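Observations on the three-dimensional arrangement
One letter stands for each residue in the lines below.
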Amino acid sequence: MGITTLPLDSNGHVIASNDDNTVTVYEPDEFVRLPRLIAGIYSRCAQCGEQPEVEVEGDAVRAQSPCALPDGITTAITLEVPSGKLVVEDDLRHVYRCGDGDFADYNSVLGQAQVIEAMAAIGCAYGPVGNSCPGLYRTGEDTYVIASPRYDEDDNPSLPEKDRLAGIVTDLWAYSIADLEDFKRRGGDVDALGWTATVVDVPPGTYRFTHHTGEVGFDHYADDTVVFAHIERVTSSDPAA
Ligand SMILES: [Zn+2]
């Protein structure tokens, strides 16, 4: 069996499992009757969720179809907050159910963006954050972030504790945020959520959530503060304002 190491031309897909972007090709011969084996590639692209065909072409291994999402996705959704109160939790799926839908693989950027959009359409600002236990922080007038601070040698966080409005446990590896009155109208009960839920007062209005984990190069393990989402109040729901 011939074994060669070749560069991978991924055609925009994120499929390389080796840092140096090479794959190992195990070529069958007359004694070893096995199909050709190519190692060093994940089965699905982390961006588009597809499983591209790869072929040995000359001195490289090439994905045969281009990635539909080579630049990743920044997902922007809006949440109406007429009550001026947010329920902040990891998981509100018992109240906001977007179903399984016809989504791409949830492990891909595309699949996660589709779930973010579907949850927003039924009134829940949702976003994957990994196992990070982030917080909701106020960063200015009408601006917020969902972020994980880093700590210096003296245990001082990179985001001020006084600006932390809620912590988010990550049993689900996500945040879920809804308008309190909408949540109650749909049968939600904050007391039943227990200690993990926080109700946060904010000015009533429309809030835009810009979610970043689908962007190419997003680093969950960055040395600096990891910002999963920026939140901004974009319109006031008070007609007099
Ligand atoms: Zn792809």
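Keep in mind the model is a prediction, meaning the values are calculated, not measured.

1. What about the overall build of the protein chain?
Counting its secondary structure elements, the protein chain contains three helices and 15 strands. Across its three principal axes, the protein chain shows a C-alpha extent of roughly 80 × 45 × 35 Å. Per-residue burial over the protein chain gives 42% buried out of 241 residues. Here the contacts in the protein chain between residues at least 6 apart in sequence split such that 69% fall between residues at least 24 apart. Of the side chains in the protein chain, 16 bear a positive and 41 a negative charge, and the two mean positions are spaced by 7 Å.

2. Looking at the domain arrangement of the protein chain
Taken domain by domain, the protein chain comprises domain 1 (2–63) and domain 2 (75–236). Computed over C-alpha atoms, the centres of domain 1 and domain 2 are 37 Å apart. Facing the six residues of domain 1 at the interface are eight residues of domain 2. Buried area between domain 1 and domain 2, summed over both chains or domains, comes out near 410 Å², and the portion from carbon and sulfur atoms is 50%. If you sort the residues of domain 1 by the area they bury against domain 2, Ala46, Gln47 and Cys48 come out on top, with a joint share of 73%. Counting the contacts that link domain 1 with domain 2 gives one salt bridge.

3. Some words on the environment of Ala113
Tracing the chain through its elements places Ala113 in helix H1 (residues 109–121). Ala113 sits in the buried class, given a relative accessible area of 8%. Residues Ala113 and Val202 lie 89 residues apart in sequence; the distance between their C-alpha atoms is 26 Å. Setting aside its immediate chain neighbours within four residues, Ala113 contacts Ile73 and Thr75.

4. What about the coordination of the zinc ion?
The protein atoms donating to the zinc ion are His13 (ND1), Cys45 (SG), Cys48 (SG) and Cys67 (SG), with metal-donor distances spanning 2.2 to 2.4 Å. Considering all four donor atoms around the zinc ion, angles at the metal cover 100 to 118° and the coordination shape is tetrahedral. Mapping the donors of the zinc ion onto the primary sequence yields the spacing H-x31-C-x2-C-x18-C. With His13 in the loop between strand E1 (2–9) and strand E2 (22–27) and Cys48 in the loop between strand E3 (37–39) and strand E4 (54–57), this residue pair connects regions lying 35 residues apart in the sequence.

5. What about the packing of aromatic side chains?
Applying the stated criterion across every chain, the model contains three aromatic pairs. Plain terms: the ring middles of Phe218 and Phe228 are 5.9 Å apart, the flat faces sit at 40° to each other, and that makes the pair tilted. With Phe218 in the loop between strand E14 (205–211) and strand E15 (226–236) and Phe228 in strand E15, the pair connects residues that are ten residues apart, well separated along the chain.

Reading the values: the criteria
Residues numbered from 1 in each chain as written. Predicted model: local features only at pLDDT ≥ 70, side-chain atom pairs only at ≥ 80, totals over all residues. Heavy atoms only, no water. Helix = DSSP H or I, 4+ residues; strand = E, 2+ residues; numbered from the N terminus. Buried < 20%, exposed > 50% of the residue type's maximum accessible area, 1.4 Å probe, protein only. Contact = heavy atoms within 4.5 Å. Lys, Arg positive; Asp, Glu negative; His and termini not counted. Charge placed at Lys NZ, Arg CZ, Asp CG, Glu CD. Domains from an automatic or database assignment. Buried area = accessible area lost by both parts, 1.4 Å probe. Salt bridge = Lys/Arg side-chain N within 4 Å of Asp/Glu carboxyl O. Donors = N, O, S within 2.8 Å, 3.2 Å for Na, K, Ca; no water. Tetrahedral: all angles 85-135°; square planar, octahedral: opposite > 155°, others 65-115°. Phe/Tyr/Trp six-rings, centres within 6.5 Å; stacked < 30°, edge-to-face > 60°.

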